[in-house]
Structures are given as C-alpha cells and as structure tokens.
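Chain by chain, the residues run as shown.
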Amino acid sequence: MVEVLIVGAGFSGAAIARVLAENGLRVRILEQRPHIGGNMYERTDENGVRSHVYGPHIFHTNSERVFAFLRRFSDFFPYEHRVLGRIDGKLVPIPFNFTSLETLFPAQQAKRLEERLLAAYPGREKISILDLTSSGDGELRAFGDYVFDRVFVHYTAKQWQQPVEEVDASVINRVPVVLGYDDRYFGDKIQAMPADGYTALFGRMLDHPNIALELSCDALGRLSLREGKLYLDGKEFPGPVVYTGAPDALLGYRFGPLPYRSLEFVFEQLELDSFQPAAVVNYPNEEDFTRITESKKLTGQVLPGRTTILREYPAAYAPGAARGGIPYYPVPNEANRALYERYRGALAAYPGLLLCGRLAEYRYCNMDAAVERALDAAQELLREWAPRKTEEKA
Ligand SMILES: Cc1cc2nc3c(=O)[nH]c(=O)nc-3n(C[C@H](O)[C@H](O)[C@H](O)COP(=O)(O)OP(=O)(O)OC[C@H]3O[C@@H](n4cnc5c(N)ncnc54)[C@H](O)[C@@H]3O)c2cc1C
C-alpha cells in the first residue's frame, strides 16, 4: 500500500488526506500544532462560546463541488456575513454602500452622489475604490477620496504597516464600493457556516482508517531533503510528500525569510446578551486594533447573558516569537513573489514533493479556493500513485 506523507492538518492537508484515504492510499499527517483544523480551529471557552482562535472564518463559495465535498462532513446553516465600520463616530456598512453614504452625508448630497454613481457606472453593482479615486468627475473623485481616507488609508497602514500607496492593488481591491444597498460582505451564491463548527467538521474528515495523525509534531525535525530525495526520520521516503507549510522554513531560510504580516487576538468574556450589532465591526481609524469579532454571532449559538469578543491587532511577523509568531498574510509584491519563486524553483528538484496551500504557495486564498486546489491536487496524486498501487496488487 502506497504511503503518503502530509505536512499540515488545515483544509489543504485534510482534504487531500481524505480523498487519498478513500481511494486506498495510506496517509500519515504530521501537524505541528496540538490540534487539527489549521487556522479554522475553534476553542470553546468557560462560557460555552465557540471562538475562532486564529481570526473569524466565514465560509462562502461559488463552487458546488467544494460545498458538496464539505457537506459530507458537516451540516451547514445559512449565514450571510455583514460587517459594520466605525467611521466619523457612526457605524456604517462595509463594504461602503448607499446606506453608508446616506448615514455619513447630508440627504441631498447623498442622493446626488448616488445618481452620479449609477450614471457613471451603468449596470455595475460594485466598483473598485481605485476606479473612484481616478474618476474624471470631480465630485465622484472627492467622494472616492473621502471613502479611501476613512475606510482604506489608516486600516491599510495598521494592517500592513506600509503606506497605502505601497500596498499591492490586489489587497485594496479585496474590498469594493457597492452601488446599491446590498450590505452583505460577500457576493457568493453559497454562504453558510458549519452547524457544529469547523473543528468538528475536520474531526469527521480525518476520521478514516487509512489516516494516521500525529499532533504537536513539527515535520521539519523529521523530514529532510538531500539530492532530490526526501527522507523521513533518516530513511528515504518512497511515497509522495504533500507539504502545506512555509517553503522558506523547509529550506532553512536559505534565500532569506518570506515576509508575512501577523496578528494578535485578545479575547474578552462578557456578561452580556450582545456586545455589538454585527458579528464583525471594523475600526479603520483611531484604534490600534482593526476589528472586533463577537464569536457567537458567527457560530449561531444562543447563549443569553454571555458573549465573547476578540480584538484583532496587526503585528510584525517574528518567527517563533510569542507575539507575532504566526505567519498570517503573505505580503504580496513583486520582490516577494520573486523570492517565493526562488524557493519553488529549488524545491522543484524534489519530484516527490507537492507544495499545496496558503503557506506553501505563498498566497492569500479563501477556504473554498484552498479546498478546490486540494481536491485537484488529490486527483493529480491519484493519477500518479493509484495505478501503481493496482500494479503492486497484481
Ligand atoms: C485572519 C484570517 C481570516 C481569514 N478569514 C477567512 C474567511 O473568513 N473565509 C475564508 O474563506 N478564508 C479565510 N481565510 C483564509 C483561510 O485561513 C485559508 O484559506 C486556510 O487557512 C487555508 O488552509 P491551509 O490548509 O492551506 O492553511 P492552514 O490552515 O494554515 O494550515 C496549514 C497547517 O500546516 C501546519 N504546518 C505548517 N508547518 C508545519 C510543519 N513544519 N510541521 C507540521 N505542521 C505544519 C500548520 O500548523 C497548519 O495547521 C482567512 C485567513 C486569515 C489569515
């Protein structure tokens, strides 16, 4: 029986493991944390509130294939995510929409701006803030500058510790301006949350007789790479290795560390029915933190008189440090992509190694994209390794 080694028990590693296991391959997973689920892991506190330990994770997708796969391991309840932002002392919908406009501008001016926006971008439901700040219409440009300043400039400086002009346009374009009243944060046709949480979903996904899981095990202490071959515990590993960790760490940071931004979450338990009117409230401007998440508004738990909130503080990434020790967001720019390509190029010398996931591919990806990529990767591996298994049987 072919054995496959997988480093990491997040969505990338777990989805591949499950598909391979169901197709008769034996899978060994090494996970450095003491728990499964990667960054989707949740913890239930003394109040019974389930919180996303590594930041709020909302499932949304247009992929029926991904949703069908995940629904095998959990029921989901419909959940449409709405975010408010504190701007000029008022709570308004983010992404900025017509309700935000009408809350912050005098009625007549708001009406005029809405008419001009609809006339300038006919048939469009969303535009990029960069469309607005470069508009040929002076009034729309001034409006764009206002939104850019209040929603993007300070938030981006906090989050990325860089002036907004230096941040990749792909980051700025993640949050559009909505030409209407749709106040949902995501536009995907499937928006839902796992009924009893992600950790339970992962538990069921990994519960298969062909999957062996080792927690609290840093693969870097067990796995070595020499002259095109992969070794586990000093012995050549004959099967494929799927690596969902950071590629610079795997090569001992030989070309220098890949830059990341980190986060720090500060939890607070409160004796309240409700702390804030939405699951997430952004604080783009004055505060040091970027947002507050109220956990039970994401999990759908009904817990009168008890709630848990988490404040999210951006932090410099410092590998191994107590604060800022976790790589959360790759910093997208040309130099960093080139650095990543050097690592990928060096690792291409190991044909048995497959890089998969947000760290291994050094890119921000939502959960659904991670699962979709994992399902494709599993098919790739099956094409190569499942026939060999049949031959071995014969
Ligand atoms: C703050 C934040 C919020 C997000 N919110 C959303 C959201 O709302 N919706 C959404 O769709 N997506 C969201 N995402 C994206 C989502 O987190 C990713 O899509 C997902 O984490 C990808 O899964 P993964 O398995 O590739 O990575 P991970 O979940 O990071 O899993 C990788 C695993 O590998 C393990 N590992 C790494 N190195 C080693 C090693 N040397 N040895 C052993 N194990 C190792 C890690 O411990 C980890 O468990 C968010 C991301 C962040 C940072």
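Values in this document were obtained by computation on a predicted structure and should not be read as measured data. (Residues numbered from 1 in each chain as written. Predicted model: local features only at pLDDT ≥ 70, side-chain atom pairs only at ≥ 80, totals over all residues. Heavy atoms only, no water.)

1. Points about the side chain of Thr299
By the element assignment, Thr299 lies in helix 10 (residues 296-299). For Thr299, a relative accessible area of 6% gives the class buried. Looking at Thr299, its side chain comes within polar contact range of the side chain of Gln301, at 2.8 Å. With near-sequence residues (within four places) excluded, Thr299 lies in contact with Arg50 and Phe77. (Helix = DSSP H or I, 4+ residues; strand = E, 2+ residues; numbered from the N terminus. Buried < 20%, exposed > 50% of the residue type's maximum accessible area, 1.4 Å probe, protein only. Polar contact = N/O pair within 3.5 Å; in protein donor to acceptor, adjacent residues only side chain to side chain. Contact = heavy atoms within 4.5 Å.)

2. Here we look at the domain arrangement of the chain
Its domain assignment divides the chain into domain 1 (3-36 + 206-258 + 331-393), domain 2 (83-178) and domain 3 (259-316). Each of domain 1 and domain 2 has a C-alpha centre, and the two are 40 Å apart. With five residues of domain 1 in contact, the opposing surface of domain 2 contributes six residues. When the area that domain 1 buries against domain 2 is broken down by residue, the three leading residues are Val331, Pro332 and Tyr364, summing to 82%. Linking domain 1 with domain 2 are one salt bridge, by the criterion used here. For the pair domain 1 and domain 2, the number of links is one residue pair in polar contact (both at pLDDT 80 or more). Partitioning the side of domain 1 that touches domain 2 into residue classes produces three nonpolar, one polar and one charged. (Domains from an automatic or database assignment. Buried area = accessible area lost by both parts, 1.4 Å probe. Salt bridge = Lys/Arg side-chain N within 4 Å of Asp/Glu carboxyl O. Nonpolar A, V, L, I, M, F, W, Y, C, P; charged D, E, K, R; others polar.)

3. Considerations on the sheet that holds strand 5 (residues 59-61)
Strand order across the open sheet formed by three strands is 5-11-6, with antiparallel pairing between neighbours. Two strands in the sheet have a free side with no partner beyond their single neighbour: strand 5 and strand 6 (76-78). Shown here is a sheet whose adjacent strand axes are inclined to one another by a mean of 40°, direction ignored. Examined bridge by bridge, strand 6 and strand 11 (residues 190-194) share three bridges and lie antiparallel to one another. Bridge pairing links Phe76 to Pro194 in strand 11. Strand contacts of helix 2 (residues 64-71): strand 5, strand 6 and strand 11, with the helix running at about 140° to strand 5, the strand carrying the most contacts. (Pairing = 2+ DSSP bridges. Axes fitted to C-alpha atoms, helices over the stretch in contact; angles between N-to-C directions.)

4. So, the site of the ligand
With respect to spatial proximity, 32 residues lie near the ligand, and among them Ser12, Glu31, His57, Cys365 and Met367 are the closest. Within the contact set of the ligand, a nitrogen atom lies 3.0 Å away from a backbone nitrogen or oxygen of Gln32. The backbone of Pro56 places a nitrogen or oxygen atom 3.2 Å from a nitrogen atom of the ligand. Alone, the ligand offers 990 Å² of accessible surface; in the complex the protein occludes 96% of this. (Near = heavy atom within 4 Å. Areas by Shrake-Rupley, 256 points an atom, 1.4 Å probe, with all protein chains shown as cover.)

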